[in-house]
Amino acid sequence: PRERCSWSCCRRPPEDRRDRMSRYAMINRVLMVDDNLEHLELCRETLPAEEFQLDVATTPADALGKLQLNHYSIVVLDYRLPYMSGLELLRRIRGKGYKMPIVLVSAVDDPDLSTKARMAGANDYIVKRFRYYSTLRERLLENIDPRHRF
């Protein structure tokens, strides 16, 4: 019989493939589009790194470029962006055929904007107010389809 070494790597039982896959399946890749760097940093601090990999874009053009290069579990768009609104960017993303969930966020609680966002293909509309950062994780997880986790 073959002799085993004393290193812990040789003493561990072989890892089940399902365990490996479930660990990796828990990562949610998020594209957050906002020109407010302070908001982006607070989101990065709020969303646990074990669950979320956060990519940021500060312009609509940057966001469209990142969408071409990467796959995302969810996209979060701020309504007020430079050069075009988050609603217009939402329409362009859907027009290009992207199917991942998209959430539009705004500092204004506007029912008309919420309706327009949903009609344009948004999965959710979140108002940035008092408990926004403390509920952001749950709201994103509610909208992410498990098939879009990486």
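Computed from a predicted model, the values in this text were never measured in an experiment. (Residues numbered from 1 in each chain as written. Predicted model: local features only at pLDDT ≥ 70, side-chain atom pairs only at ≥ 80, totals over all residues. Heavy atoms only, no water.)

1. Here's the deal with the nonpolar core
Short version of the rule: Here the nonpolar core consists of buried residues drawn from Ala, Val, Leu, Ile, Met, Phe, Trp, Tyr and Cys, with membership extended through side-chain atoms lying within 4.5 Å. Only protein chains enter the calculation, and the probe is 1.4 Å; a residue is then buried if its accessible area is under 20% of its type maximum, exposed if over 50%, and partly exposed in between. Helix numbers and strand numbers start at the N terminus; a helix is a DSSP run of H or I with at least 4 residues, a strand a run of E with at least 2. Residues count as neighbours in contact if any of their non-hydrogen atoms are within 4.5 Å of one another.
Ranked by internal contacts, the top residues of the largest apolar core, which has 24 residues, are Leu31, Val33, Val75, Leu77 and Leu89. The set of elements that each furnish at least two residues to this core consists of β1 (28-33), α4 (60-69), β3 (74-78), α5 (86-95), β4 (102-106), α6 (111-120) and β5 (124-127). When residues of this core are assigned to their parent elements, the largest contribution, 4 residues, is made by α5. Ignoring sequence-local partners within four residues, the contact set of Leu89 consists of Val33, Pro60, Ala63, Leu64, Leu77, Leu81 and Met84. Grouped together as the second largest cluster of nonpolar side chains are 16 residues, Ile74, Tyr132, Leu140 and Ile144 included.

2. Here's the deal with the side chain of Asp55
By secondary structure assignment, the location of Asp55 is in strand β2 (residues 52-57). A residue is classified by how much of its surface remains accessible, and Asp55, at 13% relative accessible area, is buried. Other than its neighbours up to four places away in sequence, Asp55 contacts Arg29, Val30, Leu31, Met32, Asn70 and Tyr72.

3. Looking at the pairing of β1
Along any regular strand, the residues point their side chains to alternate faces of the sheet. The test is simple: Any two strands with at least two DSSP bridges between them are considered paired. Here is how to tell: hold the view so the strands point away, follow the path from the first strand over the helix to the second, and if it runs clockwise the crossover is right-handed.
Of all 6 residues making up β1, 6 are buried, and the element is well covered by its neighbours. By the bridge criterion, 6 bridges tie β1 to β2 in an arrangement that is parallel. Paired with Asn28 across the bridge in β2 is Phe52. Read from β1 through helix α3 (residues 37-46) to β2, the crossover connection turns out right-handed. Here β1 pairs with β3 via 4 bridges, running parallel.

4. Regarding the confidence of the model for the protein
The following threshold applies: Confidence of the predictor at the level of single residues is given by pLDDT, which spans 0 to 100.
Scored by pLDDT, the protein comes out at a mean of 86, with 81% of its residues at no less than 70. Counting interchain partners and residues more than four positions distant, the pLDDT-below-50 stretch residues 5-24 has 7 contacts.

5. Remarks on the packing of aromatic side chains
Formally: Whether two aromatic rings pair depends on their centres lying within 6.5 Å, for rings of Phe, Tyr and Trp, where Trp uses its six-membered ring; planes under 30 degrees apart make the pair stacked, over 60 edge-to-face, and the rest tilted.
Counted under the stated rule, the structure contains 1 aromatic pair. An angle of 70° between the planes, with centres 4.9 Å apart, marks the rings of Tyr132 and Tyr133 as edge-to-face. Judged by its relative accessible area of 3%, Tyr132 falls in the buried class.

6. Focus: the packing of α5 against α6
Put simply, the test is: Think of each axis as a best-fit line through the C-alpha atoms, taken over the contacting stretch in the case of a helix, with angles from 0 to 180 degrees between the N-to-C directions. Oblique is the label for every angle not falling under 35 degrees (roughly parallel), over 145 degrees (roughly antiparallel), or within 65 to 115 degrees (roughly perpendicular). Definitions for this section: a left-handed crossing has its near helix turned counterclockwise from the far helix by less than a right angle. A right-handed crossing has that turn clockwise. By the convention adopted, Pro, Cys, Tyr, Trp, Phe, Met, Ile, Leu, Val and Ala count as nonpolar, Lys, Arg, Asp and Glu as charged, and the other residues, Gly among them, as polar.
As a packed pair, α5 and α6 sit with axes 9 Å apart at the nearest point and diverge in direction by 15°. Taken together, α5 and α6 sit at an angle that is classed as roughly parallel. Note that α5 runs across α6; the crossing there is right-handed. Contacts from Leu87, Leu90, Arg91 and Arg94 of α5 reach α6 at Leu113, Lys116, Ala117 and Ala120. Tallied by class, the residues present in the contact of α5 with α6 amount to 5 nonpolar, no polar and 3 charged.

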